[in-house]
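Observations on the model geometry
Listed here are the chains, written in short residue letters.
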Amino acid sequence: MAKRCVIGTGLAVVCLMSTWAPSPAVAGDLLGAERIVYEADFDQESARIAYNPNADEYLVVWENTQPGGVQDIYARRVSGTGTVLSFSAISGGDGISRIQPDVAFDPVQDRYLVVYTKEISGGPDTDIWGRFVPSTGVDPAHTEFFISWSIHPDDQPSVDYGRGSVVGEKFLVVWATNETVTDYIYANFVFGDGTGIGTPWRISSSTNSDRWTPRLAYNRSRSEFLVTWSQYFGLA
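Here's the deal with the overall build of the protein
Counting its regular elements, the protein contains zero helices and 17 strands. For the protein, the share of sequence-separated contacts (at least 6 apart) that also reach a separation of at least 24 residues comes to 44%. Surface summary for the protein: the accessible area is close to 12,000 Å², and the carbon and sulfur share equals 54%.

And the structure:
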């Protein structure tokens, strides 16, 4: 019988049991014990997770509220069997809030890309930033870098990794941008080898309704990404 662990409600790990036997009558028979990924005063929320097949482990990222209200991005490795491993602070210490993390894994470079919304000091603007995190944990040599830099607030980032004949080896990051009266969905590539980023472009085109909470997934067989989002059409 194989056991795999996934993140359940909050910052707890729920281990799912799988077997070739017929499905059990009680769904609870599939569940292993919960484990605490991280526990501290104040709030830990917005957890996201990516799987590393090279090491059979996961990286869990979340936003952590500090005394005084500043929010940072934290991360913790979890083994494929559910053992809670090393903890890392992805960002923090400068008094600037970072929220809404997401994460994806690059098996070629053996590292994750963690993306998040970063508050711009001195104003209400926010941009999308990211940081490479090796599979063994945070490396000070890999500092954070910007992915979007518009004059409008950017937030709600999502990321996935793709490798194929069309996309090459890249992460695609998508997010929502509030352009005064309308929210659009934008995207940018981050090159897997660390040589840089592309130029942000708008995915959504219509100007008559807002769009937010983008998500994406990579289709390896077609070497393309599918991006989805919520869209407001108004009341009938």
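Points about the sheet that holds strand E7 (residues 84-89)
Taken together, the four strands give an open sheet; going across it, the order is E4-E5-E6-E7, and neighbouring strands pair in antiparallel fashion. The open sheet terminates on both sides in strands that have one partner only, identified here as strand E4 (44-52) and E7. Across the sheet, the mean angle separating the axes of adjacent strands is 20° when strand polarity is ignored. As judged from the nine bridges shared by strand E5 (residues 57-65) and strand E6 (residues 71-79), these two strands associate in the antiparallel manner. Within E6, the position partnered with valine 60 by the bridge is arginine 76.

Quick word on the packing of aromatic side chains
All told, the structure shown has 15 aromatic pairs when counted by the stated rule. Plain terms: the ring middles of tryptophan 62 and phenylalanine 87 are 6.4 Å apart, the flat faces sit at 40° to each other, and that makes the pair tilted. A residue pair is termed long-range when its members are at least 10 positions apart, and tryptophan 62 in strand E5 and phenylalanine 87 in strand E7 qualify at 25 residues. Judged by relative accessible area, tryptophan 62 falls into the buried class, the value being 0%. On the numbers, 6.0 Å between centres and 75° between planes, the contact of tryptophan 129 with phenylalanine 146 is edge-to-face. Here phenylalanine 146 lies in strand E11 (residues 145-146) and tryptophan 129 lies in strand E10 (residues 126-134), a separation of 17 residues in the sequence. Site record: aromatic cluster; members linked through ring pairs are Tyr38, Trp62, Tyr74 and Phe87. One Lys or Arg, lysine 118, reaches over the ring of tryptophan 129 and ends 3.8 Å from the middle of that ring. Across from the ring centre of tyrosine 184, 3.7 Å away, lies the NZ or CZ of arginine 202, which sits over that ring.

Brief notes about the pattern of salt bridges
Going through the model one piece at a time under the given rule, you end up with six salt bridges. A salt bridge links glutamate 144 to lysine 118; its shortest N-O distance comes to 2.7 Å. You can see glutamate 144 sitting in the loop between E10 and E11 and its partner lysine 118 sitting in strand E9 (residues 111-119), a full 26 residues away along the chain. Across the pair arginine 202 and glutamate 179 runs a salt bridge, and its minimum N-O distance is 3.0 Å. With arginine 202 in strand E15 (residues 201-202) and glutamate 179 in strand E13 (residues 168-179), the pair connects residues that are 23 residues apart, well separated along the chain. For arginine 202, a relative accessible area of 34% translates into the label partly exposed. Within the structure, one salt-bridge network assembled from shared partners comprises Asp94, Arg98, Lys118 and Glu144.

Overview of the sheet that holds E11
Across the sheet, which stays open at both edges, the four strands sit in the order E8-E9-E10-E11 with antiparallel pairing between neighbours. Pairing within the sheet leaves two strands with one partner each, and these edge strands are strand E8 (98-106) and E11.

Side note on the nonpolar core
With 14 residues, the main nonpolar core has Leu113, Ile147, Val159, Phe171, Val173 and Val190 as its most contacted residues. Listing elements by their share of this core, those giving two or more residues are E9, E10, strand E12 (154-164), E13 and strand E14 (182-191). Every residue in contact with valine 190, bar those within four places of it in the chain, is listed here: Leu113, Phe132, Phe145, Ile147, Lys170, Phe171, Val173, Gly196 and Ile197. Grouped together as the second largest cluster of nonpolar side chains are 13 residues, Ile90, Val103, Tyr112 and Val133 included.

The rules behind the values
- Each chain carries its own residue numbering, running from 1 in the direction its sequence is written.
- Given that the model is predicted, a residue must reach a pLDDT of at least 70 before its local features are reported, and side-chain atom pairs must reach 80 or more before they are shown or counted; all residues, however, enter totals for whole chains, interfaces and linings.
- Neither water nor hydrogens contribute to the side-chain values; these are computed over all heavy atoms in the structure.
- Runs of E in the DSSP output that reach at least two residues are strands. Runs of H or I that reach at least four are helices, and both are numbered from the N terminus.
- We call two residues contacting when some pair of their heavy atoms lies within 4.5 Å.
- The accessible surface values rely on the Shrake-Rupley method and a 1.4 Å probe; as for residues, cover is taken only from the protein chains in view.
- Here, strands pair whenever DSSP counts at least two bridges between them.
- Here an angle of 0 to 180 degrees is reported between the N-to-C directions of two axes, which are lines fitted to C-alpha atoms, with helices fitted over the stretch in contact.
- The criterion for an aromatic pair is that two Phe, Tyr or Trp rings (for Trp, the six-membered ring) have centres within 6.5 Å, with stacked assigned to planes under 30 degrees apart, edge-to-face to planes over 60 apart and tilted to the rest.
- For every residue, the accessible area obtained with a 1.4 Å probe (protein chains only) is divided by the maximum for its type, and the residue is called buried under 20%, exposed over 50%, and partly exposed between those limits.
- Here, a charge over a ring is recorded when the distance from Lys NZ or Arg CZ to the ring centre is within 6 Å and its angle to the ring normal is within 35 degrees.
- Every case where a carboxyl oxygen of Asp or Glu lies within 4 Å of a side-chain nitrogen of Lys or Arg is listed as a salt bridge.
- Think of a nonpolar core as a cluster: buried Ala, Val, Leu, Ile, Met, Phe, Trp, Tyr and Cys residues, connected wherever their side-chain atoms sit within 4.5 Å.

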